[in-house]
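Chain residues, written in single-letter form:
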Amino acid sequence: MTSAINRRQALAGAALTGSLIAASKVGAAGSPQQSPALLAPRPPMGWNSWNSFATTITEAQARETAAIMRAKLLPFGYDIFTVDIQWYEPKASSYQYNAEPVPAMDGYGRLLPAPNRFPSSADGSGFTNLAADVHAMGMKFGIHLMRGIPRLAVKRNLPVLGTKYRAADIADTSSVCPWNPDMYGVDMRKPGAQAYYDSVFALYASWGVDFVKMDDMSRPYDAHAPEIEGAHQAIVNSRRPMMLSLSPGETPVARGGHVREHAQMWRISDDFWDEWWMLETQFTRLENWNQWRRPGAWPDADMLPLGRLALGQRNTKFTPDEQRTLMTLWSIARSPLIMGGDLRHLDAPTLALLTNREVLAVNQSSTDNQPHFVEDGTRIWSARPEGSQDRYLALFNTSDKPKEVGIDLRWLGLSRPVSVRDLWTGRDAGQATGRVARTVAAHGAELLRLS
């Protein structure tokens, strides 16, 4: 970057730093701070580049994808467009990471978009232009961020904006991500540590970022909890309502009270891909996390690996029945719905799966969501539509052969016959008295509304 660009960024950062200090004092005086419930009152919905582009997405690809998202998914509520990992790495090329990355960053160790991949950032404005264009489409703009401070910033011992401290003063070089070589942890006990995170989120706020997926945060959870708190506080200090999504899993269920106070969504597993065994294990995780879900705080079963995946090399390995199970489970358990497939190759069946309004209503507008434990080889969840005495009922067959899955109405608190509507087909399916049951395909699901 040129010295003129660095000076311009420094001035912008310094101005924002003043705002951060003022915001911090306001919060300490007892005035209302940022409320998580205001940021994500319902499970976030959107698209993320990881499943389809890995580390490689370019500005041209992002703009093309965002335009498709606006046309095909935004009308159904998918409104968060997120550029995933290593947007700052000029040589990113696959799902593997360069052993000695040379990320684009400013003179204060804050990551910048690689200008060879994101040309609109070449003037030092970061993601400002891309974010503004995504906003003009009616959507929110998100980015991925690794925990910590760039190793290159520590090697160069860059200053921390607005302080007398430098990168080496705050870095914990023993705290490294086991699968990514980009960053060292930040020792939040050190003077200047919070100021560094404040400067990072102030920069991203100035770009117009609405959503930050922050990685390498949850394992080991207690060791990283100070940085989770630091990132949360930096967002509060930025005065921009940015959602914080923690990744990857497994966040311990015992830390549910802590994580939901500091993030709007958090991963409950490692990366979820299109393998049946991975989908089957998400049932137990979502059951275990059910008690901690609330408006503004959402256990995240991860992105939807549907459609074209893995740098265009293949389509999802999930069968049609497994795809329906995936969408049914994420909906009835109210996990965030973040599409991961390549929207440039979005086929009609996948689009129909993602845009069934009656199914999406279960995810976005239901209460009292809970599992029911009936028998081996089955999973059953129920919920209530908001403002209604009806019931949603999800029936899952996790076995390898078709089987009947059902539940007594009394276990749902219903003592009279009910009308049954199949939400996937959009058709009424008669009445049920005493018990609701369906023959469900192997690895399949049914999603019903009982009135």
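Residues numbered from 1 in each chain as written. Predicted model: local features only at pLDDT ≥ 70, side-chain atom pairs only at ≥ 80, totals over all residues. Heavy atoms only, no water.

**Student:** Looking at this structure, how should I read the overall build of the protein chain?
**Tutor:** Across its full length, the protein chain carries 14 helices and 21 strands. Taken over C-alpha atoms, the radius of gyration comes to 23 Å for the protein chain, in line with the 22 Å a tight globule of 451 residues would show. Each principal axis of the C-alpha atoms in the protein chain carries an extent, and together these give about 75 × 50 × 40 Å. Among the 451 residues that make up the protein chain, the fraction classed as buried is 58%. By sequence separation, contacts in the protein chain at least 24 residues apart represent 73% of the contacts at least 6 residues apart. With an accessible surface of roughly 17400 Å², the protein chain has 51% of that area assigned to carbon and sulfur atoms. For the protein chain, the separation between the mean place of its 48 positive charges and that of its 46 negative charges on side chains is 4 Å. (Helix = DSSP H or I, 4+ residues; strand = E, 2+ residues; numbered from the N terminus. Rg over C-alpha atoms; globule rule 2.2 N^0.38 Å. Buried < 20%, exposed > 50% of the residue type's maximum accessible area, 1.4 Å probe, protein only. Contact = heavy atoms within 4.5 Å. Areas by Shrake-Rupley, 256 points an atom, 1.4 Å probe, with all protein chains shown as cover. Lys, Arg positive; Asp, Glu negative; His and termini not counted. Charge placed at Lys NZ, Arg CZ, Asp CG, Glu CD.)

**Student:** Explanation requested: the packing of aromatic side chains in the structure shown.
**Tutor:** Tallying each qualifying case throughout the model produces 19 aromatic pairs. Between Tyr95 and Trp273 the ring centres are 5.9 Å apart and the planes differ by 75 degrees, which places this aromatic pair in the edge-to-face class. With Tyr95 in the loop between β2 (80-83) and α5 (128-136) and Trp273 in the loop between β9 (265-267) and α11 (276-289), this residue pair connects regions lying 178 residues apart in the sequence. Classification of Trp273 by relative accessible area gives buried; the value is 17%. (Phe/Tyr/Trp six-rings, centres within 6.5 Å; stacked < 30°, edge-to-face > 60°.)

**Student:** Any chance you could explain the packing of α11 against helix α12 (residues 320-332) here in plain terms?
**Tutor:** Helix-helix packing: each pair is described by the crossing angle between the helix axes and the interaxial distance. Put simply, α11 and α12 touch, their axes get as near as 11 Å, and they point 20 degrees apart. Considering their axes alone, α11 and α12 lie roughly parallel with respect to each other. With respect to the hand of their crossing, α11 and α12 are arranged in left-handed fashion. Contact residues: Trp276, Leu279, Gln282, Phe283 and Leu286 in α11; Glu322, Thr325, Leu326, Leu329 and Trp330 in α12. Partitioned by chemical class, the residues of the contact of α11 with α12 number 7 nonpolar, 2 polar and 1 charged. (Axes fitted to C-alpha atoms, helices over the stretch in contact; angles between N-to-C directions. Parallel < 35°, antiparallel > 145°, perpendicular 65-115°, else oblique. Left-handed = near helix turned anticlockwise from the far one by under 90°. Nonpolar A, V, L, I, M, F, W, Y, C, P; charged D, E, K, R; others polar.)

**Student:** Explanation requested: the sheet that holds strand β4 (residues 149-150) in the structure shown.
**Tutor:** Across a sheet, paired strands are connected by hydrogen bonds in the backbone, their directions being either parallel or antiparallel. An order of β4-β6-β5 is seen for the 3 strands of this open sheet, with the pairing classed as antiparallel. Strand pairing shows two members of the sheet lacking a second neighbour, β4 and β5 (171-176), which therefore form its edges. (Pairing = 2+ DSSP bridges.)

**Student:** Explain the sheet that holds strand β8 (residues 243-246) to me, please; I cannot follow it from the model alone.
**Tutor:** Overall, parallel pairing links the 8 strands, which are arranged β10-β9-β8-β7-β3-β2-β1-β13 in an open sheet. Each end of this open sheet is capped by a strand with a single partner; those strands are β10 (298-300) and β13 (337-339). Across the sheet, the mean angle from the axis of one strand to that of its neighbour is 25 degrees, orientation sign disregarded. As judged from the 5 bridges shared by strand β3 (residues 140-146) and strand β7 (residues 211-215), these two strands associate in the parallel manner. Residue His144 lies in a different strand from β7, and its bridge partner there is Lys213. Helix-sheet contacts for helix α4 (residues 59-72) involve β1 (45-48) and β2, and the interaxial angle to β2 is about 160 degrees.

**Student:** Teacher, can you tell me more about unusual backbone geometry here?
**Tutor:** Excluding glycine, most residues fall at negative phi; most peptide bonds, likewise, are trans. With omega at -10 degrees, the peptide bond leading from Arg219 into Pro220 counts as cis. Positionally, Pro220 belongs in the loop between β7 and α9 (221-238). A cis geometry characterises the amide bond from Ser247 onward to Pro248, with omega recorded as -15 degrees. Take Pro248: it is sitting in the loop between β8 and α10 (256-262). In this structure, Arg334 takes a positive phi of about 60 degrees despite not being glycine. Along the polypeptide, Arg334 turns up in the loop between α12 and β13.

**Student:** Which parts of the structure should I look at to understand the nonpolar core?
**Tutor:** One recurring pattern in soluble globular proteins: nonpolar side chains tend to sit buried together. Within the largest apolar cluster, 113 residues are counted, with the highest numbers of intra-cluster contacts made by Trp87, Phe141, Ile149, Phe201 and Tyr204. When residues of this core are assigned to their parent elements, the largest contribution, 9 residues, is made by helix α8 (residues 193-207). Once residues within four sequence positions are removed from consideration, Tyr204 is found in contact with Trp87, Leu111, Ile143, Leu145 and Val209. Within the second largest apolar cluster, 15 residues are counted, among which are Leu393, Val405, Ile407 and Leu409. (Core = buried A, V, L, I, M, F, W, Y, C linked by side-chain atoms within 4.5 Å.)

**Student:** Explain the side chain of Lys213 here, please?
**Tutor:** As for its placement among the helices and strands, Lys213 is situated in strand β7. Of the polar contacts made by the side chain of Lys213, one reaches the side chain of Asp84; its length is 2.9 Å. The residues touching Lys213, leaving out its near neighbours within four places in the chain, are Asn48, Asp84, Ile143, His144, Leu145, Ser245, Ser247, Arg267 and Met303. (Polar contact = N/O pair within 3.5 Å; in protein donor to acceptor, adjacent residues only side chain to side chain.)

**Student:** Quick question: what am I supposed to make of the pairing of strand β15 (residues 378-385) here?
**Tutor:** Of all the 8 residues making up β15, 7 are buried; the element is thus mostly covered by neighbouring parts of the structure. Sheet analysis places strand β14 (residues 366-372) next to β15, joined by 5 bridges and oriented antiparallel. If you follow Thr367 over to β15, its bridge partner there is Arg384. Turn length for the β14-β15 hairpin, with the two strands adjacent in sequence and antiparallel, is 5 residues, and the turn residue Gly377 shows positive phi of about 85 degrees. As paired elements, β15 and strand β16 (residues 391-397) share 6 bridges and run antiparallel to each other. From the neighbouring strand, Ile380 faces β16, where its bridge partner is Leu395. Between the antiparallel neighbours β15 and β16 lie 5 residues, among them Gly387 with a positive phi of about 70 degrees.

**Student:** What is the right way to look at the pattern of salt bridges in this model?
**Tutor:** Applying the stated criterion to the full structure yields 27 salt bridges. For the salt bridge of Asp79 with Lys140, the shortest nitrogen-to-oxygen distance reads 3.0 Å. Of the two residues, Asp79 sits in the loop between α4 and β2 while Lys140 sits in strand β3, which places them 61 residues apart along the sequence. In this structure, a network of salt bridges that share partners links the residues Glu404, Asp408, Arg410 and Arg435. (Salt bridge = Lys/Arg side-chain N within 4 Å of Asp/Glu carboxyl O.)

**Student:** Any chance you could explain the environment of Ala60 here in plain terms?
**Tutor:** Summarising the element assignment, Ala60 is placed in helix α4. When the C-alpha positions of Ala60 and Phe118 are compared, they lie 7.9 Å apart, and in sequence the two are 58 residues distant.

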